[in-house]
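Spelled out, the chains give:
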Amino acid sequence: MAPRASWKGYLKLSLVSCPVRLYPATSKSERISFNQLHKDTHNRINMKPVDPELGLVERSDLVKGYEYEDKKYIIIDEADIDSVKIESNHTMNIEAFVDEDSVDVIYRDAPYYLAPDGAMAEETFAVLREALRKSGKLAIARLVLSSRERVVTIGARENGMFVCTLRNPSEVRGTSEYFGNIPAGNPDPEMLELAEALIKQKLTTFDPKNYEDRYEIALMKMIKEKLKGHKPIIAAAPERGNVINLMDALKASLGQAKPPAKSKTKAEPAEKPAAKLSAAGSGKAAKGKK
């Protein structure tokens, strides 16, 4: 079955337009996730809204509030949301072209694949794709996704195109708060030469298959080993009531229907730590983000 497009419309450059389909380029469905169960009954737990004064409340009684000052809110209703909602014209209108390296990676957000919508669109699509490829440029366009306008970049990729939504500038933090106190001084020439030699020694071609998530693989191996000696617990589905909204129900259904993840390779033992390059006044190694 062909993948389902998340958006359908027209890619437009001046007077040239081409029917296209947009598909998510990544998926998190294979990631291992856990559900919360009660320790005695092993039933799935419902997340219910609680008011500090009233206790449990109905989701139908909830409204949206924007905190404009500490603990001070303004109520936003559906009419307010509708007044600023941008109607989709189903057009991805190219506004400009930029050098690929001019788009800082920190602004790049969600990746998508763009393909022609039908055989009649293939010729026009191919012309636009090859024009992008030969120019070495990225197109800047806007489209409406889920009633929200997004700025995107478009570039040639294999036989199709690659679209990436961009973060709003207000979402990107400046570097001065984090890097401002780091001295810019010149490192010791000999140590710098050694570091450069280490880089050349480990130079390779990037292949994502060589960098699988070892924790995810080990986690699945542990789960399979645990299943060998224990009967799986059949958790009762949470009761459906007025306090559960549609989003919670969809998430619960998706979690129940998801097939078990496949472990491609066995978890390999951790490598021995490589010899560290000693340096006077060296700091602690930076911790990676979770």
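Residues numbered from 1 in each chain as written. Predicted model: local features only at pLDDT ≥ 70, side-chain atom pairs only at ≥ 80, totals over all residues. Heavy atoms only, no water.

Looking at an unreviewed UniProt entry, one finds the protein chain named Non-homologous end joining protein Ku, with Aminobacter aminovorans as its source organism. If you open the UniProt record of the protein chain and go to Sequence similarities (unreviewed entry), you find "Belongs to the prokaryotic Ku family." UniProt, in the comment section headed Subunit (unreviewed entry), describes the protein chain in these words: "Homodimer. Interacts with LigD." (UniProt positions renumbered as here; feature names shortened; annotations may be inferred.)

1. Here's the deal with the overall build of the protein chain
When its secondary structure is counted, the protein chain shows 6 helices and 11 strands. Evaluated residue by residue, the protein chain yields a buried proportion of 18% over its 290 residues. For the protein chain, the share of sequence-separated contacts (at least 6 apart) that also reach a separation of at least 24 residues comes to 65%. Looking at the protein chain as shown, the accessible area adds up to about 24,000 Å², and 54% of this sits on carbon and sulfur atoms. (Helix = DSSP H or I, 4+ residues; strand = E, 2+ residues; numbered from the N terminus. Buried < 20%, exposed > 50% of the residue type's maximum accessible area, 1.4 Å probe, protein only. Contact = heavy atoms within 4.5 Å. Areas by Shrake-Rupley, 256 points an atom, 1.4 Å probe, with all protein chains shown as cover.)

2. Notes on helix H4 (residues 189-201)
Here H4 is 13 residues long and its end C-alpha atoms lie 18 Å apart, about the 18 Å a rise of 1.5 Å per residue gives. Regarding H4, its N-cap is Asp188, as a side-chain oxygen of that residue lies 3.0 Å from the backbone nitrogen of Glu190 further along. (Expected span 1.5 Å × (residues − 1). Polar contact = N/O pair within 3.5 Å; in protein donor to acceptor, adjacent residues only side chain to side chain.)

3. Some points on the packing of aromatic side chains
The description of an aromatic ring pair rests on the distance of the ring centres and on the angle between the ring planes. By the definition in use, this model includes 2 aromatic pairs. If you follow Arg157 out to its NZ or CZ, it ends over the ring of Phe162, 5.3 Å from the centre. (Phe/Tyr/Trp six-rings, centres within 6.5 Å; stacked < 30°, edge-to-face > 60°. Lys NZ or Arg CZ within 6 Å of the ring centre and 35° of its normal.)

4. Some points on the pairing of strand S2 (residues 16-24)
Where strand S1 (residues 7-13) and S2 come together, 7 bridges link them in antiparallel fashion. Within the sheet, the bridge partner assigned to Trp7 lies in S2 and is Leu22. Note that S2 and strand S8 (residues 108-116) share 5 bridges and pair antiparallel. If you follow Pro24 over to S8, its bridge partner there is Tyr112. (Pairing = 2+ DSSP bridges.)

5. Points about the sheet that holds strand S10 (residues 148-157)
Two modes of strand pairing occur in sheets, parallel and antiparallel, and in both the strands are linked by backbone hydrogen bonds. Spatially, S1-S2-S8-S11-S10-S9-S7 is the arrangement adopted by the 7 strands of the closed barrel, whose pairing is mixed. Between one strand axis and the next, the sheet turns by 40° as a mean value, whatever way the strands run. (Axes fitted to C-alpha atoms, helices over the stretch in contact; angles between N-to-C directions.)

6. Considerations on helix H5 (residues 214-229)
Between its first and last C-alpha atoms H5 spans 24 Å; for 16 residues at 1.5 Å apiece the expected length is 22 Å, and the two agree. Within the sequence span of H5, burial applies to Glu216, Ile217, Leu219 and Met220. One face of H5 carries all of its buried residues, which in axial projection span an arc of 160°. Structural note: H5 exposes Tyr215, Lys226, Lys228 and Gly229 on the side pointing more than 90 degrees away from its buried face. (Arc of directions from axis to C-beta.)

7. Topic: the environment of Pro49
With respect to the helices, strands and loops of the structure, Pro49 is situated in the loop between S2 and strand S3 (50-51). Overall, the relative accessible area of 13% leaves Pro49 in the buried class. A sequence separation of 10 residues divides Pro49 from Arg59, and the C-alpha atoms of the two residues are 7.0 Å apart.

8. A look at a nonpolar patch on the surface
A contiguous nonpolar surface patch, about 350 Å² in accessible area, is contributed by Tyr66, Tyr68 and Ile74. Relative to the helices and strands, Ile74 resides in strand S6 (residues 72-76). Since its relative accessible area comes to 45%, Ile74 is described here as partly exposed. (Patch = residues over 30% accessible without salt bridge, like charges linked within 9 Å, V, L, I, M, F, W, Y side chains within 5 Å. Salt bridge = Lys/Arg side-chain N within 4 Å of Asp/Glu carboxyl O.)

9. Considering a negative patch on the surface
A grouping of Asp188, Glu190, Glu193 and Glu196 is seen on the molecular surface, where their side chains present a negatively charged patch. Secondary-structure assignment places Glu190 in helix H4. Residue Glu190 is classed as exposed on the basis of its relative accessible area, which comes to 58%. (Lys, Arg positive; Asp, Glu negative; His and termini not counted. Charge placed at Lys NZ, Arg CZ, Asp CG, Glu CD.)

10. Side note on the nonpolar core
Side chains of a nonpolar character, in soluble globular proteins, are inclined to be buried together. Leu11, Leu22, Met92, Leu114, Ile154 and Met161 are the most contacted members of the largest nonpolar core, which has 21 residues in total. Listed by contribution, the elements that provide at least two residues to this core are S1, S2, strand S7 (91-99), S8, helix H2 (122-135), strand S9 (137-145), S10 and strand S11 (160-166). Ranked by the residues each element gives to this core, the list is headed by S9, at 4 residues. Those residues in contact with Leu11 that lie beyond four places of it in its chain are Val16, Ser17, Cys18, Val20, Met92, Ile94, Leu114, Leu128, Ile154 and Met161. (Core = buried A, V, L, I, M, F, W, Y, C linked by side-chain atoms within 4.5 Å.)

11. Quick look at the confidence of the model for the protein chain
Chain-level pLDDT for the protein chain is 81 on average; 78% of the residues reach the 70-or-more range. For the protein chain, the element scoring lowest by mean pLDDT is helix H6 (residues 246-257), at 53; S11 scores highest, at 97. Low confidence marks residues 240-244, where pLDDT is under 50. Its contacts with residues over four positions away, or in another chain, come to 15 contacts. Taken as a whole, residues 263-290 scores under 50 in pLDDT and shows 14 contacts with residues more than four places along the chain or in a different chain. (pLDDT = per-residue confidence, 0-100.)

12. So, unusual backbone geometry
Across residues other than glycine, the phi torsion is negative in most instances, and most of the peptide bonds are trans. Of note in the backbone geometry, Lys71 takes a positive phi value of approximately 65° without being a glycine. In this structure, Lys71 sits in the loop between strand S5 (64-69) and S6. Positioned with a positive phi, Glu158 is a non-glycine residue whose angle comes to about 50°. Within the secondary structure layout, Glu158 lies in the loop between S10 and S11.

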